[in-house]
Structure formats: structure tokens, C-alpha cells
Amino acid sequence: MKLSHFQFDLPKELLAEFPSEHRDEARLMVIDRKKQTIEHKTFKDVIDYFDDGDVLILNNTKVFPARLYGNKEKTGARIEVFLLRELNAEQRLWDVLVDPARKIRIGNKLYFGDDDSLVAEVIDNTTSRGRTLRFLYDGSYEEFRKKLTELGETPIPKYISRDVTPEDAERYQTIYAKEEGAVAAPTAGLHFSKHLLKKLEIKGIKFAEVTLHVGLGTFNPVEVEDLSKHKMDSEELKITQAACDIVNDAKVHKKRICTVGTTSMRAVESSVSSHGTLNPFDGWTNKFVFPPHEFTIPTCMITNFHTPKSTLLMMVSAFCGHDLMKRAYEEAIKEEYKFYSYGDAMLII
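Here the structure is a predicted model, which is why all the values come from computation and not from measurement. (Residues numbered from 1 in each chain as written. Predicted model: local features only at pLDDT ≥ 70, side-chain atom pairs only at ≥ 80, totals over all residues. Heavy atoms only, no water.)

Enquirer: Mind showing me how you'd approach the packing of helix 6 (residues 311-320) against helix 7 (residues 322-334) here?
Expert: A packed helix pair is summarised by two numbers, namely the angle formed by the two axes and the spacing between the axes. For the pair helix 6 and helix 7, the least separation of the axes is 7 Å and the interaxial angle reads 120°. Here helix 6 lies oblique to helix 7, going by the angle between them. By crossing handedness, the relation of helix 6 to helix 7 is classed as right-handed. Facing helix 6, whose interface residues are L313, V316, S317 and C320, helix 7 presents H322, L324, M325 and Y329. Its residues placed into classes, the contact of helix 6 with helix 7 shows 6 nonpolar, 2 polar and no charged. (Axes fitted to C-alpha atoms, helices over the stretch in contact; angles between N-to-C directions. Helix = DSSP H or I, 4+ residues; strand = E, 2+ residues; numbered from the N terminus. Parallel < 35°, antiparallel > 145°, perpendicular 65-115°, else oblique. Left-handed = near helix turned anticlockwise from the far one by under 90°. Contact = heavy atoms within 4.5 Å. Nonpolar A, V, L, I, M, F, W, Y, C, P; charged D, E, K, R; others polar.)

As C-alpha cells, then:
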């Protein structure tokens with residue numbers, strides 16, 4: 001398959017600016033691969049497709065407030081700093097993106113907060129927008145991290161043109177988020193309310209948690225026509241033995257195994273044994289799933305509606321079948337489903 005197969009016209013008004021009022025009341029498109037059918041439901045109806053012993057694989061990563069605004073020394077120019085990952089806790093070194101990048105050179109200092117209580121020095125250029133910063137702060141590591149959280153803003157996606165609201169801090173986070181480290185939410189999971197998870201649990205559905213810290217690379221559009229030439233950014237991944245046991249037991253008993261989101265899918269597909277079982281994992285993955293791909297563990301997936309030419313769309317195509325996915329997307333646009341992070345969802349069975 002070529003990049004051009006993943007181009008489609010997405011009306012701008014279908015990009016979701018706000019989440020649905022209640023988490024589990026977004027719309028849900030149900031796609032049956034065997035029957036080649038498409039149904040329209042509400043997200044809380046997802047419970048009707050699972051039975052006792054089935055498994056949902058959840059990504060429990062937690063988004064941290066990664067977007068900071070600082071001022072450049074001398075000129076006072078306002079600079080956006082997007083924290084990507086911590087490189088060294090002791091030296092307070094961080095890998096970041098800066099905007100506007102042309103103004104930021106090695107040796108520059110940036111000041112944060114009304115009282116300039118946090119200062120960062122640029123010590124390296126990594127990419128055109130990428131920089132390595134050393135933060136200078138009088139206080140313990142815990143106090144420094146607290147300060148970052150205090151000054152940081154929820155990193156809602158750039159396509160959302162409105163300002164961040166206090167509600168975003170809660171809504172751009174799954175309710176089962178535990179392990180801090182993501183700069184973007186695993187958005188399919190945003191649709192689960194506490195009430196819905198409880199009902200699934202009562203019905204006997206099991207939850208296997210994995211941790212994949214979502215980086216910005218997830219959203220990088222693919223720019224090469226030959227998909228096999230695309231390089232994914234690496235993301236930190238942890239899969240415990242306990243999660244493997246839940247998934248592998250369900251596989252033995254031929255239960256439904258559903259990955260919640262493309263990040264959970266990438267996590268499990270990064271750690272499949274030669275026997276087709278899930279292995280524990282602790283490291284980094286740059287797995288790129290695109291058609292054709294043989295899936296050994298998941299039998300269904302929940303995902304949002306993705307943007308053209310994205311790696312996420314390619315994964316969905318590989319799982320759903322390209323023609324059926326195309327049909328589903330055409331119908332989604334016709335029926336005015338909302339796309340992207342705060343958008344509606346699809347269940348592919």
C-alpha cells in the first residue's frame with residue numbers, strides 16, 4: 001500500500017474542539033469485519049459486544065502538563081516550550097520543542113513564571129525545532145517537578161484552536177491513567193467513564209494494563225510514498241507479566257481480546273512471542289503497523305477517527321481491511337462523526 005491510499009478530504013468542522021458532555025456518550029460506529037456491516041451506536045453500548053472472560057487492553061499512561069510558556073532573556077520574546085522527555089533527572093536535562101525555533105540558540109536563557117522562579121538554558125540543538133534544555137531551579141527534584149506541573153499546561157493537540165480550559169486537565173486524561181510520561185492522551189480510552197468500567201467489570205470483563213508513553217511522533221504525518229521507508233519515533237513501553245497472563249489466558253480460552261486504542265495495539269504488537277503469545281517488555285518501541293500485517297493477539301479494537309496520512313489510520317486499515325475502513329470513513333463523514341482526539345469512536349470486531 002502507498003501513502004496516497006490514505007488521503008481523504010476531511011471537513012474542518014468535523015475536527016472535535018470539545019469532548020462530548022459525558023465520556024461514554026460519544027457516538028460509536030461498530031464495524032463487523034466478518035459480516036462487512038457498519039452500525040451506529042452510542043459509546044456506552046460497547047458493553048453489549050463483550051462477555052464474561054473477554055479482555056480489554058488499556059494503556060494506563062498519564063499525560064503530564066507538557067506545554068510551558070517562557071520569555072527569552074534580554075528581548076522578553078514569548079517562547080513556547082513543549083517538554084518531550086526527561087533525559088537526566090539529576091542534571092535536569094530535557095528534550096524539548098521550541099516555537100518560534102529560529103530565535104532560540106545554544107546559550108540562550110528562558111525564564112518561566114511571573115517571578116522568573118524557573119530558568120532554563122539551551123545547551124544543544126537536536127532538530128530544527130528540537131533543543132536540549134538544562135533547567136536551573138533552587139530546590140529539590142520533587143519541588144522542581146512540582147514547579148513544572150504548576151507552570152505547565154495540558155498539551156491538548158495543536159489542531160484545537162481554542163484556549164486550554166481547566167476542564168481539559170481532567171478530560172484529556174483517561175480515568176485509569178496511572179503512570180506519568182505521555183505528552184498526548186491515548187484518546188480511545190477517554191470514552192470510558194467510571195460507571196461504564198464498573199459495569200464491564202460486573203459483567204466479568206477483565207482488564208490488562210500496559211504502559212506506552214505516547215510521544216508527539218505518533219502524530220507525525222507520513223511523508224514517504226513507500227510506507228516501509230517511514231521511521232517511527234521510539235516510545236517507552238512497559239508490559240508486565242501480570243498483563244501477559246490475563247491476555248494469554250484469554251487467548252487459550254478463545255475469548256475476545258480488545259485493544260483500546262492504537263497505542264495499546266502498538267504495545268502488544270511490539271512484544272509477540274514466536275508462539276503468538278504476549279511477552280513482558282520493558283524498553284522502547286518504534287513499531288510501525290501498516291498493511292499488510294498479521295495480528296496474532298487482538299481480535300477487536302476500539303479507536304477514534306484519525307486524520308489523513310497518519311500512522312494511526314494505517315494501523316486501522318491493517319486491522320479492519322482497507323476497503324471496509326474506507327467505506328466506514330466515508331459514512332462517518334456523511335453522518336458527521338467527530339474526528340481526532342476529542343472525537344467519536346469506532347469498535348472493529
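Enquirer: How do you make sense of the side chain of T285 when you look at a structure like this?
Expert: Counting through the fold element by element, T285 comes out in strand 15 (residues 281-285). Looking at T285, the relative accessible area reads 5%, which means it is buried. In terms of polar contacts, T285 uses its side chain to reach the backbone amide nitrogen of K287, at 3.1 Å. Setting aside residues no more than four positions away along its own chain, T285 makes contact with L212, D233, S234, E235, L237 and S270. (Buried < 20%, exposed > 50% of the residue type's maximum accessible area, 1.4 Å probe, protein only. Polar contact = N/O pair within 3.5 Å; in protein donor to acceptor, adjacent residues only side chain to side chain.)

Enquirer: How do you make sense of the pattern of salt bridges when you look at a structure like this?
Expert: Note that side chains of opposite charge can pair when their charged atoms are close. By the definition in use, this model includes 14 salt bridges. Between R162 and D168 there is a salt bridge; the shortest N-O distance is 2.9 Å. Its relative accessible area of 15% is what places R162 among the buried residues. On the basis of relative accessible area, D168 is assigned to the buried category, the value being 2%. Here E201 ties to K198 by a salt bridge, and the two come within 3.6 Å at their closest N and O atoms. Placement of both E201 and K198 in helix 3 (residues 194-202) is noted, with a separation of 3 residues, approximately one turn of the helix. In this structure K198 comes out as partly exposed when scored by relative accessible area, which is 45%. When salt bridges with common partners are traced through the structure, they connect E86, R145 and E180 into a single cluster. (Salt bridge = Lys/Arg side-chain N within 4 Å of Asp/Glu carboxyl O.)

Enquirer: Where do I start with the domain arrangement of the protein chain in this structure?
Expert: Size of an interface, as often reported, equals the accessible area lost when the parts are brought together. You can read the domains of the protein chain as domain 1 (3-63 + 169-348) and domain 2 (67-153). Listed as interface residues are 5 residues of domain 1 and, on the opposing side, 6 residues of domain 2. Both faces considered, domain 1 and domain 2 share a buried interface measuring about 400 Å² in area, 62% of it formed by carbon and sulfur atoms. Here domain 1 is connected to domain 2 by 1 salt bridge. A salt bridge links R145 to E180; its shortest N-O distance comes to 3.4 Å. The tally of links between domain 1 and domain 2 comes to 1 residue pair in polar contact (both at pLDDT 80 or more). (Domains from an automatic or database assignment. Buried area = accessible area lost by both parts, 1.4 Å probe.)

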